[in-house]
Amino acid sequence: MPTPRTSGTALPLYLQISEALTREIAAGRLADGERLAPERQLAQTYGTTVRTLRKALSELEKQGMLERIQGSGNYIRTTQTLPSVYSMFRLELPNGGGLPTADILSVTACDKPEDLPQFGTSAQAARIRRLRYLDSTIIAVEEIWLDAGAGRVDVTQLSDSLYRYYRLQLGFWISRAEDRVSLALVPDWAPAQFTKPPGTTVGYIERLSWAQDLAPVEFSRTWFDTEKALYVQRLT
C-alpha cells in the first residue's frame with residue numbers, strides 16, 4: 001500500500017486512501033472478512049495521521065465495505081457493487097489495483113476537430129491533456145474533450161477525478177460510458193516523462209461518455225503502457 005501522491009489536482013487525502021482501499025478490494029487483494037492492519041500501522045503506511053486514516057475508514061464503513069468491531073479491528077466486507085470515485089477507471093497495475101492520479105498538461109478551449117466522433121451540442125469543447133499514474137507509476141497519457149455546452153472548465157478547480165469535478169462543479173454526472181480498446185501510436189504531444197516515446201505502439205482506449213441527455217457529452221482517448229498497466233473490466 002503506497003503513500004498517496006500529492007499534486008495540485010489531488011483528491012482530499014482521506015478520499016485518496018478510501019479509494020485506494022476500494023480498488024484493492026475490487027482487485028481481490030483484500031478479501032471479504034480480512035482484517036486490516038492496526039490503524040497506527042495503516043496510517044504510517046499511507047504517510048498520514050490516525051485521524052485522517054479513520055476518516056477514510058469511515059467512508060468505507062458508510063459504503064458497507066468495512067465492519068469496525070470495537071476491541072477487535074477493522075474487517076473487509078465485500079459487496080456486489082463497490083461504489084468508487086474511480087468506478088469507471090478501468091486501468092490497473094499488473095497485479096491489480098493502484099490509486100489513479102494525474103498531472104494536468106494543458107487545458108484548452110477550442111473548436112472540435114473533424115476527426116472526433118459526434119458528441120454534445122456545441123461546435124466547441126474543452127480539451128484536457130493529462131499524464132496518468134497508478135500509485136507513483138506513470139501508466140498513460142490521455143486527452144479528454146468535454147462539450148462546451150456542458151459548462152466552462154476551470155483549471156483551478158480540476159481534481160484527479162474529472163467525473164467528480166463534473167458532478168460537484170458543473171452539476172451533471174456521467175451515468176454510462178462505452179469503451180473501445182485497441183492499439184495506437186503514442187501522440188507527438190506526449191511529455192518526455194511518459195514511459196514510451198511518440199510513435200510507439202501502445203494500448204489505446206476510446207471512450208464516449210453520457211450524462212443525462214441522449215447524446216454523449218464527452219469523448220476521451222487514452223494511450224497506455226501495457227507493460228505498466230492492464231485494462232480490466234469486471235462483470236458482476
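See above for the structure.
Calculation rules
- Once a new chain begins, its residue numbering starts again from 1 and follows that chain's sequence as written.
- The predicted nature of this model means local features are confined to residues of pLDDT at least 70 and side-chain atom pairs, given and counted, to a pLDDT of 80 or more, with totals for whole chains, interfaces and linings taken over all residues.
- Computation of side-chain values covers all heavy atoms of the structure but excludes hydrogens and water.
- What is meant by a nonpolar core is a set of buried Ala, Val, Leu, Ile, Met, Phe, Trp, Tyr and Cys residues, joined one to another through side-chain atoms within 4.5 Å.
- Relative accessibility decides the category of a residue: with a 1.4 Å probe and only protein chains considered, values under 20% of the type maximum give buried, values over 50% give exposed, and everything between is partly exposed.
- Here a strand is any run of E in DSSP of at least two residues, a helix any run of H or I of at least four, and the numbering for each starts at the N terminus.
- Only heavy atoms enter the contact rule, under which two residues are in contact if any of them lie within 4.5 Å.
- Think of a salt bridge as a Lys or Arg side-chain nitrogen and an Asp or Glu carboxyl oxygen that are within 4 Å of each other.
- Here a Phe, Tyr or Trp ring, Trp counted by its six-membered ring, pairs with any other such ring whose centre lies within 6.5 Å, and the pair is stacked when the planes are under 30 degrees apart, edge-to-face when over 60, and tilted otherwise.
- Between the first and last residue of a helix there are one fewer steps than residues, each counted as 1.5 Å, and that sum is the expected span.
- In this context, the arc is that of the directions from the helix axis out to the C-beta atoms.

Draft legend 1. Seen up close, the nonpolar core. Grouped together as the largest cluster of nonpolar side chains are 31 residues, with contacts concentrated most on Leu-21, Leu-36, Tyr-46, Leu-53, Leu-57, Leu-91 and Ile-139. Of all elements in the fold, only helix H1 (13–26), helix H2 (39–45), helix H3 (50–62) and strand E6 (137–147) reach the threshold of two or more residues within this core. Counting 17 residues, the second-largest nonpolar core is a separate cluster that includes Ala-126, Leu-158, Tyr-165 and Ala-211.

Draft legend 2. Inspection of the side chain of Thr-48 at higher detail. Within the secondary structure layout, Thr-48 lies in the loop between H2 and H3. Setting aside chain neighbours within four positions, we find Thr-48 in contact with Leu-13, Ile-17, Ala-43 and Leu-53.

Draft legend 3. Quick look at the pattern of salt bridges. Within the structure shown, the criterion is met by 14 salt bridges. Between Arg-77 and Glu-67 there is a salt bridge whose closest N-O contact spans 2.8 Å. Residue Arg-77 is located in the loop between strand E2 (73–76) and strand E3 (91–92), and its partner Glu-67 is located in strand E1 (residues 66–69); the two are separated by 10 residues in the primary sequence. One salt-bridge network, in which partners are shared between bridges, spans Glu-39, Arg-54, Glu-61 and Arg-68.

Draft legend 4. Quick look at the packing of aromatic side chains. Under the counting rule described, the total for this entry stands at 5 aromatic pairs. Aromatic side chains Tyr-163 and Tyr-166 sit 6.0 Å apart centroid to centroid with 35 degrees between the ring planes, which places their arrangement in the tilted category. Taken together, the residues Tyr-163 and Tyr-166, both in helix H4 (residues 162–170) and 3 residues apart, mark about one turn of the helix. You'll find Tyr-163 and Tyr-166 in the same group, each marked buried.

Draft legend 5. Region of interest: H3. Helix length check: H3 (13 residues) gives 18 Å between terminal C-alpha atoms against 18 Å at 1.5 Å per residue, within 8%. Those residues of H3 lying buried are Val-50, Leu-53, Ala-56, Leu-57 and Leu-60. Angular distribution of buried residues about the axis of H3 spans 120 degrees; they occupy a single face of the element. What points out from H3, more than 90 degrees from its buried face, is the exposed set Arg-51 and Lys-62. Buried residues along H3 sit in contact with H1, H2, E1 and E2.

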